[in-house]
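# An overview of the molecular structure
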Amino acid sequence: MKSTIKYFSRIFFGESNENSLERRIFLTASLITLLGAALGIIWDLFLGMPRMLTLIVGIFILLYFLLYFNARFKNKYSPLAYFIISLLFLNLLYIFNGGLNGSIPSLFIVFILVFITISNKKNQLFILIITTANLLGLFVVERFFLKDLISPYINNDTREMDLAFGYIAALILCFIIINYFKKSIISKNIQLQSLNKSKDLLFNIIAHDLRAPFNGILGFAGLMSDKSENLRKDELQEYAELINIQSQKTFELLESLLEWGRIQTNKIKLNPQSINLYQVVNEIIDYFNENHTINEHEIKVEVPSNIFVIADMVILKTIFRNLISNALKFTPAKEEIKISVEKFNTKHIAIIIKDKGIGMNKEMMENLFNFEINTNRNGVNGESSVGLGLVITKELIEKQGGKLIIESEENIGSTFKFTVQKS
């Protein structure tokens, strides 16, 4: 059920990360008004209301569709345009739908709610005054000047049925709008809380994990600078190697921070293409060999050479680098790391990276992506870890429409499985 709701939500509103709260509310208001007007036509035909009323509603359905279309597909939306169109619509409905004795006055309450919700705070009082004055003006004009202009109902039964429909529709629309907007605001607050946690984690990493390796680099560089004349060649080489190792680790951490920052600010643009999976896996293994990262580990590749997937090349390589690096870090020397594939469903395959490392217990698995609980630990050779690589990997996988599945047992090993679309 949830997947169906998410599917239709993406169709009508687009991806949630592409929408501001204001745009999403505008899309919702336009769509609800559009559907409400369409139901109104059916109801008016059932009651046998004047054809002019049906024609008017049809014209405004077209206008609301244009408002929705521009907001949904062109990212152009104007609360002022919605306000003017809706106010004109209500005025015409008032005249052709019984005036003060009809169902339209109750709809003014619904539209006041929508107007105030989609408008800026500084315009809300103005909109309330204008809409209220407009309704009172209609009452006065009907009572003293244009009473004969108002289209009456065919009979009293039709009037009572329309009144009941109008009030019930107003209550239902108010309920839907308030609940939807409330959920949207709660969802936005949750996103803000998540961003605040991410910001706090970022500061912690900068303050601790990024500072420590720089201290090592500066320390060894200082020794080489101050005592260069007294140091033997082998000592100079040792310090240079230590500086090189620390520099590589620091650079990798900086790359992770930059990648994470791009994800948080939605600056990563997908460029999906058909990719030979076997070729990518071997390129990544060559990368680790060139950087002397594999050392004494055995990486076994069981990926057929004829499998193609649809993915962003840069993102796919980043995912592989992070997962293989993670496996190498937590797997003792001589132990095997296996890369394989299996069918996941009709449209996706699962890529599996399985190690025989130190694994994780149940508590660590449950809190792996919880920023409030520290699950970081050093690798088998004392390598530091801030846990950011796995967080980035998960978000990159989901950005491509896949999902990450993790299975692990302490002292036995871990299996990281992620899905990707077949070509």
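Being a predicted model, the structure only gives us computed values, none of them experimental.

## Things to note about the overall build of the protein chain
If you tally the helices and strands in the protein chain, you get 13 helices and seven strands. Counting every position in the protein chain, which comprises 423 residues, the buried fraction comes to 39%. For the protein chain, long-range pairs separated by at least 24 residues make up 74% of all intrachain contacts whose partners lie at least 6 apart in sequence. Summed over all atoms, the accessible surface of the protein chain reaches about 24,800 Å², with 59% contributed by carbon and sulfur.

## Comments concerning the packing of aromatic side chains
Evaluation of the coordinates by the stated rule reveals seven aromatic pairs. Taking 5.9 Å as the distance between ring centres and 65° as the angle between the ring planes, the aromatic pair formed by Y64 and F89 counts as edge-to-face. Of this pair, Y64 sits in helix α3 (residues 51-73) while F89 is found in helix α4 (residues 79-96), placing the two residues 25 residues apart along the sequence. A relative accessible area of 0% places Y64 in the buried class. Residue F89 is classed as buried on the basis of its relative accessible area of 5%.

## Overview of the side chain of T158
Examined against the element boundaries, T158 turns out to sit in helix α7 (residues 156-209). Since its relative accessible area comes to 8%, T158 is described here as buried.

## Describing helix α11 (residues 313-329)
Helix length check: α11, at 17 residues, gives a terminal C-alpha distance of 24 Å against a target of 24 Å (1.5 Å per residue), a fit within 8%. With a side-chain oxygen lying 3.0 Å from the backbone nitrogen of V314, the N-terminal cap of α11 falls on D312.

## Looking at the nonpolar core
Membership of the largest hydrophobic core comes to 46 residues, with the highest contact counts inside it found for V57, Y64 and Y82. Within the residue set of this core, elements represented by two or more residues are α2 (21-47), α3, α4, α5 (104-118), α6 (121-144) and α7. The greatest single-element share of this core, amounting to 11 residues, is contributed by α2. Discounting chain neighbours no more than four positions away, the residues touching Y64 are S30, T33, L34, Y82, I85, S86, F89 and F111. By size, the runner-up hydrophobic cluster in this structure holds 38 residues, among which are I315, I351, M364 and F416.

## Some details on the packing of α4 against α6
The interhelical angle for the contact between α4 and α6, taken along N-to-C directions, is 20°, at an axis separation of 11 Å. Classified by the angle between their axes, α4 and α6 sit roughly parallel to one another. As for the relative orientation of α4 and α6, their crossing is right-handed in sense. Note on element contacts: α6 touches α4 through I127, I130, T131, N134, L138, F139 and E142, opposite F83, L87, N91 and Y94. Across the contact of α4 with α6, the residue classes tally to seven nonpolar, three polar and one charged.

## Regarding a nonpolar patch on the surface
Among the surface-exposed residues, L62, F65, L66, F69 and F73 lie close enough to one another that they form a single nonpolar patch of about 480 Å² accessible area. Within the fold, F69 resides in helix α3. Residue F69 is classed as partly exposed on the basis of its relative accessible area of 32%.

## Re α3
Between its first and last C-alpha atoms α3 spans 33 Å; for 23 residues at 1.5 Å apiece the expected length is 33 Å, and the two agree. Restricting attention to buried positions, one finds in α3 the residues L53, T54, I56, V57, F60, I61, Y64, L67, Y68, A71 and R72. Just downstream of α3 lies N75, where phi reads positive at about 55°.

## Remarks on the environment of T415
Secondary-structure assignment places T415 in strand β7 (residues 413-422). Judged by its relative accessible area of 13%, T415 is buried. Distance in space between the C-alpha atoms of T415 and I337 is 9.8 Å, their sequence separation being 78 residues.

## Some points on the pairing of strand β4 (residues 336-343)
Summarising the sheet, strand β2 (residues 298-302) and β4 pair through five bridges and their orientation is parallel. Paired with E302 across the bridge in β4 is S340. Bridge analysis of β4 against strand β5 (residues 348-355) gives seven bridges, and the strand direction is antiparallel. When the bridges of β5 are listed, S340 appears paired with I352. Hairpin connection, β4 to β5: the antiparallel pair is bridged by four residues.

## A word on the confidence of the model for the protein chain
On average, residues of the protein chain score 79 in pLDDT, and 79% of them are at 70 or above. Ranking the elements of the protein chain by mean pLDDT puts helix α1 (residues 2-13) last with 65 and β5 first with 93.

## A short note on the pattern of salt bridges
One pass over the structure, following the stated rule, counts five salt bridges. E283 is the salt-bridge partner of K317, the closest N and O atoms lying 2.9 Å from each other. Placement of the pair is K317 in helix α11 and E283 in helix α10 (residues 277-290), with a sequence separation of 34 residues. A relative accessible area of 23% means that K317 is categorised as partly exposed. The residue K338 makes a salt bridge to E302 at a minimum N-O spacing of 4.0 Å. With a gap of 36 residues between them, K338 in strand β4 and E302 in strand β2 connect regions that are remote in the sequence. Residue class for E302 comes out partly exposed when judged on its relative accessible area of 36%. Overlapping salt bridges, with partners in common, bring together K300, E302 and K338 in one network.

About the criteria used
- Residues numbered from 1 in each chain as written.
- Predicted model: local features only at pLDDT ≥ 70, side-chain atom pairs only at ≥ 80, totals over all residues.
- Heavy atoms only, no water.
- Helix = DSSP H or I, 4+ residues; strand = E, 2+ residues; numbered from the N terminus.
- Buried < 20%, exposed > 50% of the residue type's maximum accessible area, 1.4 Å probe, protein only.
- Contact = heavy atoms within 4.5 Å.
- Areas by Shrake-Rupley, 256 points an atom, 1.4 Å probe, with all protein chains shown as cover.
- Phe/Tyr/Trp six-rings, centres within 6.5 Å; stacked < 30°, edge-to-face > 60°.
- Expected span 1.5 Å × (residues − 1).
- Polar contact = N/O pair within 3.5 Å; in protein donor to acceptor, adjacent residues only side chain to side chain.
- Core = buried A, V, L, I, M, F, W, Y, C linked by side-chain atoms within 4.5 Å.
- Axes fitted to C-alpha atoms, helices over the stretch in contact; angles between N-to-C directions.
- Parallel < 35°, antiparallel > 145°, perpendicular 65-115°, else oblique.
- Left-handed = near helix turned anticlockwise from the far one by under 90°.
- Nonpolar A, V, L, I, M, F, W, Y, C, P; charged D, E, K, R; others polar.
- Patch = residues over 30% accessible without salt bridge, like charges linked within 9 Å, V, L, I, M, F, W, Y side chains within 5 Å.
- Salt bridge = Lys/Arg side-chain N within 4 Å of Asp/Glu carboxyl O.
- Pairing = 2+ DSSP bridges.
- pLDDT = per-residue confidence, 0-100.

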